[in-house]
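# Commentary on secondary and tertiary structure
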Amino acid sequence: MVLGLFGRKQPSAASRLESGSWRCASCEEDHGWPFDLAAFAPDAWPHAERYEANSALHFDGDFLSEDFCVLGGEQFIVRTILPIPVIGLKDRFAFGCWSTLSETNFDKYIDGFDSGEYADMGPWPGWLMNRLAGFNDSPEPLAVHVQPQRERLRPELWVAEEDHPLGAAQRDGIIPERMLEVLAHFGHAPG
């Protein structure tokens, strides 16, 4: 606990996160820990926020579903999660984000998507397709390793450069106060 205005004890950042649920001032939804954030689409997606069905996947032009994205028939992108431990909390945080794959690895991912079984469990090289404010604000692409997961779980992303701020956060974790800053940046922090 820390002392707040008038000497009253204020709950720690960790206890604020783990205290149950909170009403979000931005979206007016109830959130609780663990609370993950997700990007709707890759930052380069040029169209409206509307998903097609996964079964409608096509490789010509642009396509976006909840799990797959094709840009210009040339970039092949999948929805992933980028986990970050929060020091002192039992559950980790994850960014839902998008990563490129080579066409060959994209095909492997599609082939195993329904069963959750992949002939090649990677990791596969990719590029992070979303800026994650406070961790990866640069427009420069960030190399990642895409690790497929069994049982139809989304692939996990691991930053290739461990000394990059996002790679360091994955390796070392972040403190609960930093987690509150991240949630506040995206408009979803507890009050």
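Residues numbered from 1 in each chain as written. Predicted model: local features only at pLDDT ≥ 70, side-chain atom pairs only at ≥ 80, totals over all residues. Heavy atoms only, no water.

## Looking at the overall build of the protein chain
Of regular secondary structure, the protein chain possesses four helices and 12 strands. Taking the contacts inside the protein chain whose residues are at least 6 apart along the sequence as the reference set, 53% of them involve residues at least 24 apart. Of the roughly 10300 Å² that the protein chain leaves accessible, carbon and sulfur atoms contribute 50%. (Helix = DSSP H or I, 4+ residues; strand = E, 2+ residues; numbered from the N terminus. Contact = heavy atoms within 4.5 Å. Areas by Shrake-Rupley, 256 points an atom, 1.4 Å probe, with all protein chains shown as cover.)

## A few points about unusual backbone geometry
Note on backbone geometry: most residues besides glycine have negative phi, and most peptide bonds are trans. Along the chain, Gly122 connects to Pro123 via a cis peptide bond; the corresponding omega equals 10°. Residues other than glycine seldom take positive phi values, yet Glu151 does so here, at roughly 60°. Counting through the fold element by element, Glu151 comes out in the loop between β11 (142-147) and β12 (156-159). The phi torsion at Arg152 lies on the positive side, around 60°, for a residue other than glycine. Of note, Arg152 is situated in the loop between β11 and β12.

## Some words on helix α2 (residues 103-113)
Within α2, the full set of buried residues consists of Asn105, Phe106, Tyr109, Gly112 and Phe113. Along the axis of α2, the buried positions cluster into a sector of 135°, meaning they face one direction only. Exposed residues on α2 whose side chains face more than 90 degrees from its buried face are Thr104 and Asp111. Where α2 is buried, its residues contact β7 (68-71), β8 (75-84), β9 (93-101) and β10 (124-128). (Buried < 20%, exposed > 50% of the residue type's maximum accessible area, 1.4 Å probe, protein only. Arc of directions from axis to C-beta.)

## Thoughts on the pattern of salt bridges
Pairs may arise between side chains of opposite charge once their charged atoms sit close together. Following the criterion strictly, the structure yields eight salt bridges and no others. Here Glu156 and Arg92 are joined by a salt bridge, their closest N and O atoms 2.5 Å apart. In this pair, Glu156 is assigned in strand β12 and Arg92 in the loop between β8 and β9, connecting sequence segments 64 residues apart. For Arg92, a relative accessible area of 39% translates into the label partly exposed. Among the charged side chains, a network of salt bridges with common partners joins Glu162, Asp163, Arg171 and Asp172. (Salt bridge = Lys/Arg side-chain N within 4 Å of Asp/Glu carboxyl O.)

## Regarding the packing of aromatic side chains
Between two aromatic rings, the relevant description is the distance of the centres plus the angle of the planes. Tallying each qualifying case throughout the model produces 12 aromatic pairs. Taking the centre distance of 5.4 Å and the plane angle of 40° together, the rings of Phe76 and Phe106 count as tilted. Taken together, the residues Phe76 in strand β8 and Phe106 in helix α2 connect sequence positions 30 residues apart. Each member of the pair, Phe76 together with Phe106, is buried. Taking the centre distance of 5.7 Å and the plane angle of 70° together, the rings of Tyr109 and Phe113 count as edge-to-face. Note that Tyr109 and Phe113 are positioned in helix α2 at a spacing of four residues, about one turn of the helix. Considered together, Tyr109 and Phe113 belong to a single accessibility category, that of buried residues. Through a chain of ring-to-ring contacts, the aromatic side chains of Phe59, Phe68, Phe76, Phe106, Tyr109, Phe113, Tyr118 and Trp124 assemble into a single cluster. Sitting over the ring of Phe135, Arg178 keeps its end group 4.6 Å from the ring centre. (Phe/Tyr/Trp six-rings, centres within 6.5 Å; stacked < 30°, edge-to-face > 60°. Lys NZ or Arg CZ within 6 Å of the ring centre and 35° of its normal.)

## Some words on helix α4 (residues 176-185)
Within α4, burial applies to Pro176, Met179, Leu180, Val182 and Leu183. Seen along its axis, α4 keeps its buried residues to an arc of 160°; they face one direction.

## Some remarks on the pairing of β9
Where burial is concerned, most of β9 is hidden: nine out of the nine residues are buried. Residues of β9 alternate between two faces, with Phe93, Phe95, Cys97, Ser99 and Leu101 on one and Ala94, Gly96, Trp98 and Thr100 on the opposite face, all of them buried. In this sheet, β9 lies alongside strand β5 (residues 37-38) in parallel orientation, the contact comprising two bridges. Its bridge partner lying in β9, Ala38 is registered against Gly96. Both β8 and β9 contribute to a ladder of nine bridges, which runs antiparallel. Bridge assignment links Pro83 to a residue of β9, and that residue is Ala94. (Pairing = 2+ DSSP bridges.)

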